[in-house]
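Report on the structure
Here is what each chain is made of, one letter per residue.
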Amino acid sequence: MQLDLTKCFPAGKDGTHKMLPKQRLFFDAVINPKGPKYVGFISGVGGGKTITGCVTMLAQAVMYPSTYLIARQYYPELKDTTYRTFRDICPKELIVEDRIADMLMRIKGVGGKISTILFRPLEDPDKLRSLNLGGFFIDEASQVSEEAFMLLQGRLRDSGGLRKGITISNPNGHDWQYRW
């Protein structure tokens, strides 16, 4: 399966679609099976964080079929930004099922396997305790508690995925992300 994810990014001044250097560093660190288990992308407003996180999760879901979680602190922002961005960039030919009411998407992966992507708010992270995940992505992690991040670490139990956690955020000083 050949998938060109660079087309997900806006065209630059030269008219080509490509990741910016920092986006590429983040993407490569996550996709590398020997790379770090937790990878963060911190950038200012308009730095392309959400689209980079969504492209990275899409690549993982295609390359390493499993169950993945895409999360954000509050449901309205999750639905209006992160979920919408993922739906916009996901090639239609990969979508097997898109249950908008449940905020769940199933997409085709390598070898004919299917990945399930759950979109969930982290307002009450205890509701996620029973998940077995191949990876997770927290959008705007500066709004999320360290306890929620740590709970998700314990959910990385599905052998199909890379078992990595990624966060993206605006800078927030020396918070829990800085320490991690």
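Overview of the structure. Just so you know, the residues in each chain are numbered from 1, in the order the chain's sequence is written. Restriction of local features to residues with pLDDT of at least 70 applies here, the model being predicted, together with a cutoff of 80 or more for giving and counting side-chain atom pairs; totals for whole chains, interfaces and linings are based on all residues. To obtain the side-chain values, all non-hydrogen atoms of the structure were included, while hydrogens and water were left out.

1. Focus on the overall build of the protein
Each helix and strand in the protein was counted, giving 5 helices and 7 strands. Note on conventions: DSSP H or I runs of at least 4 residues are helices, E runs of at least 2 residues are strands, and numbering of each starts at the N terminus. Listing each helix as α and each strand as β along the protein from the N terminus yields α-β-α-β-α-β-β-β-β-α-β-α. By its C-alpha atoms, the protein is 40 × 35 × 35 Å across when sized along the principal axes. Here's how the labels work: a residue is buried when its accessible area is under 20% of the maximum for its type, exposed when over 50%, partly exposed in between, all with a 1.4 Å probe on protein chains only. By residue count, 48% of the 180 residues in the protein fall in the buried class. Two residues form a contact once any of their heavy atoms are found within 4.5 Å. Within the protein, counting contacts between residues at least 6 apart in sequence, those at least 24 apart form 68% of the total. When the accessible surface of the protein is summed, it comes to about 9,000 Å², and 52% of that surface belongs to carbon and sulfur atoms. Per-residue and other accessible areas follow the Shrake-Rupley method at a 1.4 Å probe size, with only the shown protein chains counted as cover for residues.

2. Brief notes about the pattern of salt bridges
The term salt bridge refers to a pairing of a side-chain nitrogen on Lys or Arg with a carboxyl oxygen on Asp or Glu at a separation within 4 Å. For the structure on display, the rule yields 7 salt bridges. A salt bridge links R72 to D139, with the nearest nitrogen and oxygen atoms 3.8 Å apart. Of this pair, R72 sits in strand 2 (residues 67-72) while D139 sits in the loop between strand 6 (135-138) and helix 4 (146-153), and the two are 67 residues apart along the sequence. Each member of the pair R72 and D139 is classed as buried. Put simply, R87 and D98 hold a salt bridge, and the shortest N to O gap is 2.6 Å. With R87 in helix 3 (residues 75-89) and D98 in strand 3 (residues 95-99), this pair connects stretches of sequence that are 11 residues apart. Overlapping salt bridges, with partners in common, bring together E97, R99, D102 and R106 in one network.

3. Focus: unusual backbone geometry
Positive phi is not limited to glycine here, since M103 has a value of about 50°. Summarising the element assignment, M103 is placed in the loop between strand 3 and strand 4 (104-108). In this structure, E140 is a non-glycine residue whose phi angle is positive, near 55°. Positionally, E140 belongs in the loop between strand 6 and helix 4. The class for E140 is buried, based on a relative accessible area of 11%.

4. Description of the nonpolar core
Residues L58, F86, I107, I117 and F119 are the most contacted members of the largest nonpolar core, which totals 31 residues. Those elements that provide at least two residues to this core are helix 1 (21-31), strand 1 (38-42), helix 2 (49-63), strand 2, helix 3, strand 4, strand 5 (114-121) and strand 7 (164-169). Examining the composition of this core, we find that 8 residues originate from one element, helix 2, more than from any other. Here I107 is in contact with L58, A61, V62, C90, L94, I95, V96, K113, I114, S115 and I117, once residues within four sequence places are set aside. Listed in part, the 18 residues of the second largest apolar core include L104, I138, F149 and W176. Put simply, a nonpolar core is a bunch of buried Ala, Val, Leu, Ile, Met, Phe, Trp, Tyr and Cys residues held in one set by side-chain atoms that sit within 4.5 Å of each other.

5. Overview of the sheet that holds strand 6
If DSSP finds at least two bridges between two strands, the strands pair. The 7 strands lie next to each other as 1-7-6-2-5-4-3, forming an open sheet whose pairing is mixed. The open sheet is flanked by strand 1 and strand 3, the only strands paired with a single partner. Neighbour-to-neighbour, the strand axes of this sheet turn through a mean angle of 15°, independent of strand direction. Pairing of strand 6 with strand 7 involves 4 bridges; the strand directions are parallel. The partner of F137 across the bridge, within strand 7, is I166. Here an axis means a line fitted to C-alpha atoms, over the contact stretch when the element is a helix, while the angle between two N-to-C directions is reported on a 0 to 180 degree scale. Packed on one face of the sheet, helix 1 meets strand 1 and strand 7 and runs near 165° to strand 1.

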